[in-house]
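Structural description and commentary
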Amino acid sequence: MKRRQLLLSSAAAAVAVAAPATRAQGRPIRLIVPYSAGGPIDTTARVLAERVKDSLGTVIIDNKPGGGGNIGVDAVAKAAPDGLTIGISAVATHAINPWLFSRMPFDPVKDFAAITQMVRVPNVLVVNAQTAERLKINTLRDLIAYAKANPGKLNYGSGGNGSAGHLAGEMFKRDAGIFAVHIPYNGGNPAQLALLSGQVDFNFDNLATAAPNIRAGKLKALAVTTLKPSPYLPGVPPVADTLKGFSIDTWWGLVAPAGTPRDAIQKLNQAFVAALNSPEAKSRFAGLMAEPVPTTPDEFAGFMKSELAKYEKVVKASGAKVD
């Protein structure tokens, strides 16, 4: 009898040791989203949290908006590195903000352990449809040719200085060798309304936001900003077909505090990659025109470093500053 109890006790201990670190003591995982509830980043986080509950247990979404995403991301950086707190990293927080803000509360490289990229969403260069017809602009080459022949006559809007739309426009001007006037607005919606009303000539907008007006014929899509064509906008070529190497996507992924054990990172990666590859997640993301991009931790870490280096040049060339 004693031997049987000893064997049962040993077996229970083995199961406890084999349990993932992320489910230690049955505690839930906290996933910090540095933006308000209801947006595309928050939506994708909630979709994945539901998909990983069988492998990781309960994942609680904790929205901490503010500071252009810096407040929530800083909370991730300063959390205990025990695999129970993870968060969203995005192009804004880990590639653009470090060059926009004169003082950052965290180091985008040293303070985090990468888990996996989640998704990327193409941006699209759109022209007011009536403007395009009047100026006979049907392709990206037409837009560049017109801008070169009429320097300073075209303008473009964005959601503000240092926004993704602003930086995409500056990168486009640099690579195309043209000059167009930048008009910043207080947010993406006012910038889109300005384009629709003809106050500005073209914008770089998020594809999910621009798509309804493209379908309605109010905006003419000239090119997407991904290196390859987007399945969500068939027939529209990448900017890179005309300007080699041009790429400026909206992306986000998952990170943990620096020092999180490697085995915990691997378990998190395996669970979230499986979720990203699930048909259910792909179907939900398609509605947001978001493409799942599951990666290894090392691949995502390398990608974030390359994005940080790319945006340093673009932000400094634009002269944009937040503080």
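In this text, all values refer to a predicted model and were calculated from it rather than measured experimentally.

So, about the pairing of strand 6 (residues 155-158). The alternating pattern of strand 6 places N155 and G157 and Y156 and S158 on opposite faces, both of which are buried. Where strand 6 meets strand 7 (residues 181-184), four bridges bridge the pair, whose relative direction is parallel. By the bridge assignment, Y156 is partnered in strand 7 with H182. Taken together, strand 6, helix 8 (residues 164-176) and strand 7 constitute a β-α-β crossover, and its handedness is right-handed. In this sheet, strand 8 (residues 202-206) lies alongside strand 6 in parallel orientation, the contact comprising two bridges. Looking at the pairing, Y156 lines up with F202 of strand 8.

Residues L125, L140, L143, F172, F202 and F246 are the most contacted members of the largest nonpolar core, which totals 46 residues. When residues no more than four places from it in sequence are discounted, the contact partners of F172 are L125, L140, L143, I144, I178, F202, F204, L243 and F246. Listed in part, the 33 residues of the second largest apolar core include A45, V47, M118 and A290.

Applying the stated criterion across every chain yields a total of eight aromatic pairs. An angle of 70 degrees between the planes, with centres 5.2 Å apart, marks the rings of W251 and F303 as edge-to-face. Of the two residues, W251 sits in strand 10 (residues 250-257) while F303 sits in helix 13 (residues 297-318), which places them 52 residues apart along the sequence. An aromatic cluster of at least three residues, connected via ring pairs, comprises Y156, F172, F202, F204 and F246.

As a further point, take the sheet that holds strand 8. Read from one edge to the other, the open sheet built from five strands follows the order 7-6-8-5-9, with strand pairing classed as mixed. Only two strands of the sheet have a single neighbouring strand rather than two, namely strand 7 and strand 9 (219-224). Sheet twist, expressed as the average angle between the axes of neighbouring strands with direction ignored, equals 30 degrees. Across the sheet, helix 7 (residues 140-149) is in contact with strand 5 (123-128), strand 8 and strand 9; its angle to strand 9 comes to roughly 100 degrees. Most of the contacts of helix 9 (residues 188-196) go to strand 8, to which it runs at about 140 degrees, and overall it touches strand 5, strand 6, strand 8 and strand 9.

Along helix 10 (residues 207-215), the positions that sit buried rather than exposed are L207, A210, A211, N213 and I214. On its buried side, helix 10 packs onto strand 5, helix 9, strand 8 and strand 9. One side-chain oxygen at the N-terminal end of helix 10 lies 2.9 Å from the backbone nitrogen of A208; it belongs to N206. Positive backbone phi, approximately 85 degrees, marks G217, located one or two places after helix 10.

What counts and how
- Residues numbered from 1 in each chain as written.
- Predicted model: local features only at pLDDT ≥ 70, side-chain atom pairs only at ≥ 80, totals over all residues.
- Heavy atoms only, no water.
- Buried < 20%, exposed > 50% of the residue type's maximum accessible area, 1.4 Å probe, protein only.
- Helix = DSSP H or I, 4+ residues; strand = E, 2+ residues; numbered from the N terminus.
- Pairing = 2+ DSSP bridges.
- Right-handed = clockwise from strand over helix to strand, strands pointing away.
- Core = buried A, V, L, I, M, F, W, Y, C linked by side-chain atoms within 4.5 Å.
- Contact = heavy atoms within 4.5 Å.
- Phe/Tyr/Trp six-rings, centres within 6.5 Å; stacked < 30°, edge-to-face > 60°.
- Axes fitted to C-alpha atoms, helices over the stretch in contact; angles between N-to-C directions.
- Polar contact = N/O pair within 3.5 Å; in protein donor to acceptor, adjacent residues only side chain to side chain.

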